[in-house]
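Residue-level structure breakdown
Spelled out, the chains give:
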Amino acid sequence: MVGAPKGVENMMTDWLGLPALASAHGGQIDSLIGWTHLFMLILFVGWGGFFAYAVVRFRRSRHPVANYTGAKSHTSSYLEVGVAVVEGILLVGFSIPLWAARVDRMPPDSESLLVQVTGEQFAWNVHYAGSDGVFGRTDIKLLDLQSNPLGLDRSDPAAKDDITTLNQLYLPVNKPVIVRLRSKDVIHSFGVPEFRVKQDAIPGLTIPVWFVPNVTTEEMRARTGNPEFQYEIACAQLCGLGHFRMRGYVTVQSAEEFQKWMEERLAEQAELDVFR
Ligand SMILES: [Cu+2]
């Protein structure tokens, strides 16, 4: 991308025309995708070229009778071993370490922002624990699709400072985020292309997914030249008739802006509580 700050973009991102990168680990994902494509291109050209050669070289007019002995050289075996070695390197050297970092080495809760994101047909419910860091109790009996889509029990002390939003995920920049994914009904999938994150939300399970967003929405607007740019959570599993409109928005802000946003939401919440 033109004018992109160094270290944010990856060579492979440009080469493959992937969406702009906006997370700390995204470059590694793009490298892996890029190297795999490059290797597949070499294989495709190699095998395709050999196929074309064989079709011409062993055409019927030149070789009316099959040769039962076949080739004696070991070149093909060496090539096969070479292909297997490269595939092994991609798997052991790139894929497994990357996967382990994503699923095994979660950052500690104390250093991260924890958010619960619950998918439903057809929306994303976002739930922040607030300053106490404890998610308030939820109860299915309190669930109301309009006024309380998560069934949050506001009488629980831990729920007092909780913030819930619909389809709006606000995140501070450069801080690890752990999204705890859940689903109320069917399988959905939390996909934010710019973060190189995609994880299914499965009813009955809470699945954590983590990333470090490193480009704010404002910076991305400047970089893309699109003043209306928004990070989007796209549901990446066909989850029903309204799947196409199951879309959330992510706003990445500076730590101060994020803090301010949280406080504003809390103030709004306090106003609502007066009328309860
Ligand atoms: Cu969905």
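Structure first, text after, so check above.
Keep in mind that this is a model prediction, so the values were computed, not measured. Per chain, residues are indexed from 1 in the order of the written sequence. Given that this is a predicted model, residues contribute local features only at a pLDDT of at least 70 and side-chain atom pairs are listed and counted only at 80 or more, while totals for whole chains, interfaces and linings are drawn from all residues. Hydrogens and waters are ignored; side-chain quantities use all the structure's heavy atoms.

1. Some details on the sheet that holds strand β8 (residues 207-211)
Whether two strands pair depends on DSSP finding at least two bridges between them. Secondary structure follows DSSP: runs of H or I at least 4 residues long count as helices, runs of E at least 2 residues long count as strands, and numbering of each begins at the N terminus. In spatial order, the strands read β3-β2-β1-β5-β8; together these 5 strands make up an open sheet with mixed pairing. Looking at strand neighbours, the two that pair on one side only are β3 (163-166) and β8, the edges of this open sheet. Adjacent strand axes in the sheet meet at a mean angle of 25° when their direction is disregarded. Inter-axis angles, ranging from 0 to 180 degrees, are taken between N-to-C directions of lines fitted to C-alpha atoms, where helices are fitted over the stretch in contact.

2. Considerations on unusual backbone geometry
In this model, Gln121 is joined to Phe122 through a cis peptide bond whose omega is 5°. Relative to the elements of secondary structure, Phe122 occurs in the loop between β1 (113-120) and β2 (123-128). In this model, Asn167 sits at a positive phi of 60°, which is unusual for a non-glycine residue. Following the sequence through the fold, Asn167 ends up in the loop between β3 and β4 (168-172). Although it is not a glycine, Asn174 sits at a positive phi angle of roughly 60°. Within the fold, Asn174 resides in the loop between β4 and β5 (177-183).

3. Brief notes about the coordination of the copper ion
Binding of the copper ion to the protein goes through His188 (ND1), Cys235 (SG), Cys239 (SG) and Met246 (SD), at separations of 2.1 to 2.4 Å. Sites may look incomplete, because water is not among the atoms used; the donor set itself consists of N, O and S atoms within 2.8 Å of the metal (3.2 Å for Na, K and Ca). Every geometry call rests on angle ranges, with four donors termed tetrahedral when all angles are between 85 and 135 degrees, four termed square planar and six termed octahedral when opposite donors are over 155 degrees apart and all others are between 65 and 115, and everything else termed irregular. Geometry at the copper ion is tetrahedral, judged from its 4 donor atoms and the angles of 92 to 123° they form at the metal. When the donor residues of the copper ion are listed from N- to C-terminus, their spacing reads H-x46-C-x3-C-x6-M. With His188 in strand β6 (residues 188-192) and Cys235 in strand β9 (residues 231-235), this pair connects stretches of sequence that are 47 residues apart. Here's how the labels work: a residue is buried when its accessible area is under 20% of the maximum for its type, exposed when over 50%, partly exposed in between, all with a 1.4 Å probe on protein chains only. Taking the relative accessible area as the measure of exposure, His188 reaches 0% and is therefore buried. Exposure remark for Cys235: the relative accessible area of 8% places this residue in the buried category.

4. Some thoughts on helix α3 (residues 75-103)
To estimate how far a helix should extend, the number of its residues minus one is multiplied by 1.5 Å. For α3, with 29 residues, the first-to-last C-alpha span of 40 Å sits near the 42 Å given by 1.5 Å per residue. Think of it this way: the bend at a residue is just the angle between two axes, each fitted to seven residues, one set ending at that residue and the other starting at it. The axis of α3 is deflected most strongly, by about 35°, at Ser95, and proline Pro97 appears within four residues downstream. Where α3 is concerned, the buried positions are Val83, Leu90, Leu98, Ala100, Ala101 and Arg102. Any two residues whose heavy atoms approach within 4.5 Å at even a single point are treated as in contact. Those residues of α3 that are buried are in contact with α2 (26-57) and β8.

5. So, the sheet that holds β4
The strand order across the open sheet built from 5 strands is β4-β10-β9-β6-β7, with neighbouring strands paired in mixed fashion. For this open sheet the edge positions go to β4 and β7 (197-201), each flanked by a neighbour on one side alone. Each strand of the sheet is rotated relative to its neighbour by a mean of 25°, with strand direction disregarded. Looking at chain direction, β4 and strand β10 (residues 247-253) are connected through 5 bridges and run parallel. When the sheet's bridge partners are listed, Pro172 is paired in β10 with Gln253.

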